[in-house]
Structure formats: structure tokens, C-alpha cells
Amino acid sequence: MKYAFIVIGIVALLGAGMYGLYLNGYVAFQRKAALCFMGNICAGGNQCHAQFQSCSGFVQRVLRFRNQKMVSFSFDAEVSKGSVSVFVMDRNKQILLVLNSDCPTGSLPVNRKERYYLRITFEKADGACRLKWQETKE
């Protein structure tokens, strides 16, 4: 019985640690099914990239920005089948920006104290994608 409490405590600490890493943008939450998925959605910098085959679902991570400026996003997708979309959402999960093959670029004013969510959604997609963002002066 004593060991059960130790195991539960360790699992709770690991869960709290992972949640802390997710809130700071170091870990991504993923719910997807794919024959093949290779990529880096949690690159510590300002980009994400992936190659995928028969992928459906989503990958989500937290974005935080250092300054209160405009951030410009650029989405490049080479999809042979299905679709891939990018959503940038605020703290309340309200969609602020949508990027896809038809609309590959966009800008967004950000507040450095806020947390933003980046969600990449796949619908039976084959191909590759890359998302880059950078803070601009305006």
C-alpha cells in the first residue's frame, strides 16, 4: 500500500511537469493517426515542419512571444491529397488567424503577457508542410 502512494505521487509529479512544459511551448499535444509522420512541431525557435502520409487529426502547442508587436506567419504546404490547415487561437480558444493553401500568409498583433495556441489540423493528408513566424516592427 505504501508503494502505491509513491507510484501515484511520481505519476502526479510527471504529469504536472509535462503540463508545465506544454504551457511554456516545449511540448505539443497530439491527437492524430498516420501511416507515417516525421517532423518537429515543438522546435524551440520560430518554425514547425512535418512530412506525413495518410494523416488525420491535429497537433497543438502553446506560443508565447517576447514583445508586444505584430507577428507575421508564413505557411508552405505541399499536399498531394487531403488538406492541412493552421489555426492561431487566443487563451479562450477563439480563432484569430487561419492559414491554409489558399491563404498561406497572415499577420497578428500579439500581447507578450498572453498565451496563444497553434493548432495544425490534418484531414487525410499526404505531403509536407512548414510554418514560420517572426515578430515584425509594426
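See above for the structure.
Summary of the structure given here. (Residues numbered from 1 in each chain as written. Predicted model: local features only at pLDDT ≥ 70, side-chain atom pairs only at ≥ 80, totals over all residues. Heavy atoms only, no water.)

Remarks on the packing of aromatic side chains
Scanning the entire structure with this criterion turns up 4 aromatic pairs. Geometrically, the ring pair formed by F73 and W133 is tilted, given 6.3 Å between the ring centres and 40° between the ring planes. Of this pair, F73 sits in strand β4 (residues 70–89) while W133 sits in strand β7 (residues 116–136); the two residues are 60 residues apart in sequence, bridging distant segments of the chain. Each member of the pair, F73 as well as W133, is classed as buried. (Phe/Tyr/Trp six-rings, centres within 6.5 Å; stacked < 30°, edge-to-face > 60°. Helix = DSSP H or I, 4+ residues; strand = E, 2+ residues; numbered from the N terminus. Buried < 20%, exposed > 50% of the residue type's maximum accessible area, 1.4 Å probe, protein only.)

Re the nonpolar core
Counting 27 residues, the largest nonpolar core has F52, F65, F73, V84, L118, L131 and W133 as the members making the most contacts within it. Sorting the residues of this core by element identifies β3 (47–63), β4, β5 (95–99) and β7 as the ones contributing at least two each. When residues in this core are grouped by element, the largest group, 8 residues, is from β7. Beyond its immediate sequence surroundings of up to four residues, L131 is in contact with N46, Q47, C48, F73, S74, F75, V86, L99 and L118. (Core = buried A, V, L, I, M, F, W, Y, C linked by side-chain atoms within 4.5 Å. Contact = heavy atoms within 4.5 Å.)

Quick look at the pattern of salt bridges
Taken as a whole and judged by the stated rule, the model has 1 salt bridge. Among the salt bridges present, the one from R91 reaches E114, with a minimum N-O distance of 3.4 Å. Within this pair, whereas R91 is found in the loop between β4 and β5, its partner E114 is found in the loop between β6 (105–109) and β7, the two being separated by 23 residues in sequence. For R91, a relative accessible area of 37% corresponds to the partly exposed category. (Salt bridge = Lys/Arg side-chain N within 4 Å of Asp/Glu carboxyl O.)

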